Amino acid sequence: MKMKSAAFWISALALAVLPAQAQPPQILTLQEPQRVVVPRQGDVLAPLKLSMRPGYHANSDKPSEDYLIPLRLTWDAKAPVEAAEIVYPKAKMEKFEFTEKPISVLDGDFEIVTRLRRAPNAMPGPAFLAGKLRYQACNDKMCFPPKTLDVKVPLLIQ
Amino acid sequence: MHRFSPLLGLAVLASWLLAAGCASQLSRGEPSSRRGGDASARKPAPDFELKDMNGKTIRLSDYRGQVVLLNFWATWCGPCKIEIPWFVEFQRTYKDRGFTVIGVSVDEDGWEAVRPFLASRQVNYPVVISTMEVEQKYGGVEALPVSFLIDREGRIAGTHVGLVTKKTYEDEIRGLLD
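Residues numbered from 1 in each chain as written. Chains lettered and ligands numbered in written order. Predicted model: local features only at pLDDT ≥ 70, side-chain atom pairs only at ≥ 80, totals over all residues. Heavy atoms only, no water.

1. What about the overall build of chain B?
In terms of regular secondary structure, chain B is built from five helices and nine strands. When contacts within chain B are restricted to residue pairs at least 6 apart in sequence, those whose partners lie at least 24 apart make up 73%. Carbon and sulfur atoms make up 53% of the accessible area of chain B, which totals about 8800 Å². (Helix = DSSP H or I, 4+ residues; strand = E, 2+ residues; numbered from the N terminus. Contact = heavy atoms within 4.5 Å. Areas by Shrake-Rupley, 256 points an atom, 1.4 Å probe, with all protein chains shown as cover.)

Shown next, in the form of structure tokens:
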């Protein structure tokens, strides 16, 4: 009986430890987007608020080196709104241990703002705008494979 | 029927906790290095078979008898680009003593991205394109660069996650060659 109990507790502890093994850090966090009211005419801004984990950076939308993977937001083309423009945050030029010269990166808190307008055939009422945000992050010593975040913005179409 | 051995259970738990400790370093984004310990305690490096740029099969087990630096990298990884010239130099310096680097690229675009890179850096060691299966065999490649130093018996003598110094690699290579 004692043996079985020991086996149970060792297994339980091991299982509790296992999820920690393969987890890279959460590097980029997206705040839940606020609902956007889309008027019948004219444009409206839909901001996405993002935070990089301290000590990490993502490449900007216009990396200064060809080999770097850019930050890229894409919206679903079948949405009831059209993305008239995507405005990425102003990047900073920063030098790292692994770069010969400063590179164009984003860190800390930043926003990506999309200018939306109602699609001609959109039905009034609640809806969603779905998209994907692709990014590639590093710190001073290591890089992480490119990741894609699913983005969903609640809309109210007028 | 096998009876549960508390000693065996504790040994398994200890190794899990050690692995979790290394993983927590990764979760903090810190480089980590792990030694394989005494030769008798080292684990075998998982074998794989992948093609190089010219279609030649590169099988890790074919390098048994040599010291191998197995380096997972990508063209978009800045720290990897720092290490690659070191590896080119190590290949040149230690090849005749039974040493080789094998580069394993994790680039999603495969040879389209890797081929021009190799040409521009004059890489003088075998390079292959990774697969999920190979990455899983090596514990999942969650951050780059990741390098495994493999002894002449095909066992993992050391692991480095993240950028470490050239001297660290060179000291370890020399230690395994001597």
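Picking up where we left off.
2. Some points on the overall build of chain A
The number of helices and strands found in chain A is one helix and twelve strands. Listed by position from the N terminus, the elements making up chain A come as α-β-β-β-β-β-β-β-β-β-β-β-β. The burial tally for chain A puts 41% of its 158 residues in the buried class. Sequence separation of 24 or more characterises 72% of the internal contacts of chain A that already satisfy a separation of 6 or more. For chain A, the computed accessible surface area is about 9000 Å², with 56% contributed by carbon and sulfur atoms. (Buried < 20%, exposed > 50% of the residue type's maximum accessible area, 1.4 Å probe, protein only.)

3. What to know about the nonpolar core
Residues Leu 155 of chain A together with Leu 70, Phe 72 and Tyr 138 of chain B are the most contacted members of the largest nonpolar core, which totals 96 residues. The biggest single contributor to this core is helix 2 (residues 78-94) of chain B, with seven residues. Setting aside chain neighbours within four positions, we find Tyr 138 of chain B in contact with Ala 45, Pro 46, Phe 48, Leu 60, Leu 70, Phe 72, Phe 148, Ile 150 and Ile 156 of chain B. (Core = buried A, V, L, I, M, F, W, Y, C linked by side-chain atoms within 4.5 Å.)

4. So, the environment of Arg 97 of chain B
Residue and element names in this part refer to chain B. Counting through the fold element by element, Arg 97 comes out in the loop between helix 2 and strand 6 (99-105). Of the residues examined, Arg 97 reaches a relative accessible area of 40% and is grouped as partly exposed. Residues Arg 97 and Val 67, spaced 30 residues apart in sequence, show a C-alpha to C-alpha distance of 9.0 Å. Setting aside chain neighbours within four positions, we find Arg 97 in contact with Arg 152, Leu 177 and Asp 178.

5. Concerning the environment of Ala 84 of chain A
All names here are of chain A. Within the element layout of this structure, Ala 84 appears in strand 6 (residues 81-87). When the C-alpha positions of Ala 84 and Gln 41 are compared, they lie 13 Å apart, and in sequence the two are 43 residues distant. Beyond its immediate stretch of four places on either side in the chain, Ala 84 contacts Arg 115 and Arg 117.

6. Focus: the pattern of salt bridges
In a structure, side chains of opposite charge can pair up when their charged atoms sit close to one another. All names here are of chain B. Counting across every chain of the model gives 19 salt bridges over all chains. With a closest N to O distance of 3.2 Å, Glu 153 and Arg 155 form a salt bridge. Judged by relative accessible area, Arg 155 falls into the partly exposed class, the value being 21%. Taking the shortest distance from any N to any O, the salt bridge between Glu 170 and Arg 174 comes out at 3.8 Å. (Salt bridge = Lys/Arg side-chain N within 4 Å of Asp/Glu carboxyl O.)

7. Digging into the sheet that holds strand 1 (residues 28-30) of chain A
All names here are of chain A. If you walk across this open sheet you meet the four strands as 1-3-9-6, and the pairing is antiparallel. In the strand order of this sheet, the two ends are held by strand 1 and strand 6, each with one partner. Put simply, the sheet's adjacent strands are angled 30° from each other on average, direction ignored. Here strand 6 pairs with strand 9 (residues 109-118) via six bridges, running antiparallel. By the bridge assignment for strand 9, Glu 85 is matched with Arg 115. (Pairing = 2+ DSSP bridges. Axes fitted to C-alpha atoms, helices over the stretch in contact; angles between N-to-C directions.)

8. Section: the side chain of Asn 59 of chain A
Residue and element names in this part refer to chain A. Secondary-structure assignment places Asn 59 in strand 4 (residues 57-59). By relative accessible area, which is 1% here, Asn 59 ends up buried. A polar atom in the side chain of Asn 59 sits 2.9 Å from the backbone oxygen of Ile 69. Looking at Asn 59, its side chain comes within polar contact range of the side chain of Gln 136, at 3.2 Å. What Asn 59 contacts, discounting residues up to four positions off in sequence, is Leu 68, Ile 69, Leu 71, Ser 104, Val 105, Leu 106 and Gln 136. (Polar contact = N/O pair within 3.5 Å; in protein donor to acceptor, adjacent residues only side chain to side chain.)

9. Examining the layout of surface pockets
Volume-wise, the second largest pocket comes out at about 460 Å³. Contributing to the lining of the second largest pocket are 26 residues, with Phe 144, Pro 145 and Pro 146 of chain A together with Glu 135 and Val 141 of chain B lying nearest its centre. Here the lining of the second largest pocket is built from residues that sort into 15 nonpolar, six polar and five charged. (1 Å grid on protein atoms, 1.4 Å probe; cavity = no way out; pocket = protein on both sides within 12 Å on 5 of 7 lines; lining within 4 Å. Points joined across faces, edges and corners; volume = space filled by probe spheres on them. Nonpolar A, V, L, I, M, F, W, Y, C, P; charged D, E, K, R; others polar.)

10. Observations concerning the sheet that holds strand 2 (residues 36-38) of chain A
All names here are of chain A. The four strands lie next to each other as 2-12-10-5, forming an open sheet whose pairing is mixed. In this open sheet, the two strands that pair with only one neighbour each are strand 2 and strand 5 (72-75). Across the sheet, the axes of successive neighbouring strands diverge by a mean angle of 35°, strand direction being ignored. Relative to strand 12 (residues 147-157), strand 2 runs parallel, the two being bridged by three bridges. Across the sheet, the residue bridging to Val 36 is Leu 155, located in strand 12.

11. Concerning the confidence of the model for chain B
Residues and elements named next belong to chain B. With 84% of its residues at a pLDDT of 70 or more, chain B shows a mean pLDDT of 88. The low-confidence segment residues 14-19, where pLDDT is below 50, has six contacts with residues more than four positions distant or belonging to other chains. Predicted as a complex, the structure gets a pTM of 0.82 and an ipTM equal to 0.82. (pLDDT = per-residue confidence, 0-100.)

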